[in-house]
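Report on the structure
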Amino acid sequence: MKRTVLITGATAGIGKACAEIFAAHGDRLILTGRRAERLASLAESLDTDVQTYAFDVRELSQVQAFVGQLEDEWKAVDILINNAGLAVNTTKIQEGLYEDWDRMIDTNVKGLLYITREVSPLMIARGKGGHIINIASIAGKQVYPGGNVYCASKHAVDALSQAMRIDMLEHHIKVTNIAPGMVDTEFSVVRYKGDQNAADNVYKGLDPLTAEDVADVVFYSAGLPPHVTINDLVLMPTAQASAFHVYRE
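So, here's what we can say about the structure. Predicted model, so just to flag it, every value in this text is computed and none were measured. (Residues numbered from 1 in each chain as written. Predicted model: local features only at pLDDT ≥ 70, side-chain atom pairs only at ≥ 80, totals over all residues. Heavy atoms only, no water.)

Once that is clear, we can look at the overall build of the protein chain. Scanning the protein chain from N- to C-terminus turns up eight helices and seven strands. Computed over the C-alpha atoms, the radius of gyration of the protein chain is 17 Å, within 12% of the 18 Å expected from 2.2 N^0.38 for a compact globule of 249 residues. Per-residue burial for the protein chain yields a buried fraction of 50% across its 249 residues. Across the protein chain, the fraction of contacts at a sequence separation of at least 24, relative to all contacts at a separation of at least 6, is 68%. Summed over all atoms, the accessible surface of the protein chain reaches about 12,000 Å², with 51% contributed by carbon and sulfur. Here the protein chain contributes 23 positively and 31 negatively charged side chains, and the mean placements of these two sets differ by 3 Å. (Helix = DSSP H or I, 4+ residues; strand = E, 2+ residues; numbered from the N terminus. Rg over C-alpha atoms; globule rule 2.2 N^0.38 Å. Buried < 20%, exposed > 50% of the residue type's maximum accessible area, 1.4 Å probe, protein only. Contact = heavy atoms within 4.5 Å. Areas by Shrake-Rupley, 256 points an atom, 1.4 Å probe, with all protein chains shown as cover. Lys, Arg positive; Asp, Glu negative; His and termini not counted. Charge placed at Lys NZ, Arg CZ, Asp CG, Glu CD.)

See below:
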């Protein structure tokens, strides 16, 4: 039976890999992101029913407009994957840029809240349960040098996942928090504001996770029997034991 899967931040990285694996197994997709051309290109490459919506999760009015545009048959969302998120810069608090802080908090926390607030009532109204999967981070478990506000935003995601699990319990809606360690995607390029060399150095000397590795775990979590829920899952490359302990060749 086809499920309807809504993925935020689907234009690249983990979101794109999630779209590909769910599509490969016959699920239909609602894909969102800021880059319309990338969404269109991805949709064309997938052999399933796809709806795409280009907007910014940081803007509540845009989130509400998106949900309002959904046709009734597409409002039957079975799985929501809150993937949109980013890190910007590694400056210390006393040197931090306000615009970087706003971008991280507005995307990682408020964007996740806006989407969840607008979509979860659709799940509840159906009365058939559902599944919310939040893509968190090891940064939501441990604070590391240069992480400050990004880590704080991902700690918020961790806390919100726990809160959602409690709030959705009576509605039989699963909530899963997936916290990856190092994943080689656009993440570090964005963090270092386009400095490819700095981004490459993050993963130098080790085999990091790929977006597909994380998507495999997301898909597995979404395929468990109705009475089984993974509340919280930390996923690491073998060369990484924690936010602080990494073995490099």
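Now that the structure is up, let's keep going.
Take the packing of aromatic side chains next. Following the criterion strictly, the structure yields five aromatic pairs and no others. Arranged with centres 5.5 Å apart and planes meeting at 85°, the rings of Tyr-98 and Trp-101 form a pair that is edge-to-face. Of this pair, Tyr-98 and Trp-101 are both found in helix H4 (residues 98–126), three residues apart, which corresponds to roughly one turn of the helix. We classify Tyr-98 as exposed; its relative accessible area is 62%. The partly exposed category is assigned to Trp-101, whose relative accessible area is 22%. Following the ring pairs from residue to residue traces out a cluster consisting of Tyr-53, Phe-55 and Phe-66. Between Arg-28 and the ring centre of Trp-74, over which it is positioned, the NZ or CZ distance is 4.1 Å. (Phe/Tyr/Trp six-rings, centres within 6.5 Å; stacked < 30°, edge-to-face > 60°. Lys NZ or Arg CZ within 6 Å of the ring centre and 35° of its normal.)

Take the sheet that holds strand E7 (residues 232–235) next. The parallel open sheet is built from seven strands, whose spatial order is E3-E2-E1-E4-E5-E6-E7. Of all strands in the sheet, those bounded by a partner on one side alone are strand E3 (50–54) and E7. The mean angle between the axes of side-by-side strands here comes to 15°, regardless of whether they run parallel or antiparallel. Note that strand E1 (residues 4–7) and strand E2 (residues 28–33) share four bridges and pair parallel. Residue pairing across strands places Thr-4 opposite Arg-28, the latter belonging to E2. (Pairing = 2+ DSSP bridges. Axes fitted to C-alpha atoms, helices over the stretch in contact; angles between N-to-C directions.)

We now examine the packing of H4 against helix H5 (residues 148–168). Remark: H4 packs on H5, axes separated minimally by 9 Å, with the N-to-C direction vectors making an angle of 15°. Considering their axes alone, H4 and H5 lie roughly parallel with respect to each other. Here the hand of the crossing between H4 and H5 comes out right-handed. Here H4 contributes Trp-101, Met-104, Ile-105, Asn-108, Val-109, Leu-112, Leu-113, Thr-116, Ser-120 and Ile-124 to the contact with H5, which in turn contributes Val-149, Tyr-150, Ser-153, Lys-154, Ala-156, Val-157, Leu-160, Met-164 and Met-168. (Parallel < 35°, antiparallel > 145°, perpendicular 65-115°, else oblique. Left-handed = near helix turned anticlockwise from the far one by under 90°.)

In this section: the nonpolar core. Ranked by internal contacts, the top residues of the largest apolar core, which has 33 residues, are Ile-7, Phe-22, Leu-29, Leu-31, Ile-81 and Val-218. Contributions of two or more residues to this core are made by E1, helix H1 (13–24), E2, helix H2 (36–45), strand E4 (79–82), strand E5 (130–135), helix H8 (211–222) and E7. When sequence neighbours within four positions are dropped, the list of residues in contact with Leu-29 reads Val-5, Ile-7, Ala-19, Phe-22, Ala-23, Leu-46, Thr-48, Asp-49, Val-50, Gln-51 and Trp-74. Of all hydrophobic cores here, the second largest spans 26 residues; its members include Leu-6, Tyr-53, Val-77 and Val-157. (Core = buried A, V, L, I, M, F, W, Y, C linked by side-chain atoms within 4.5 Å.)

Moving on: the packing of helix H3 (residues 60–69) against H4. For the pair H3 and H4, interaxial distance at closest approach is 9 Å and the crossing angle is 25°. It follows from the interaxial angle that H3 and H4 lie roughly parallel. Crossing angle aside, the handedness with which H3 passes H4 is right-handed. Contacts between H3 and H4 pair Leu-60, Val-63, Gln-64, Phe-66 and Val-67 from the former with Tyr-114, Ile-115, Glu-118, Val-119 and Leu-122 from the latter. A per-class count over the contact of H3 with H4 returns eight nonpolar, one polar and one charged. (Nonpolar A, V, L, I, M, F, W, Y, C, P; charged D, E, K, R; others polar.)

Here Asn-89, not a glycine, exhibits a phi torsion of approximately 75°, which is positive. One non-glycine residue, Lys-193, adopts positive backbone phi at about 55°. Within the fold, Lys-193 resides in the loop between helix H6 (187–191) and helix H7 (196–202).

Function cannot be read off these values alone, since they describe shape.
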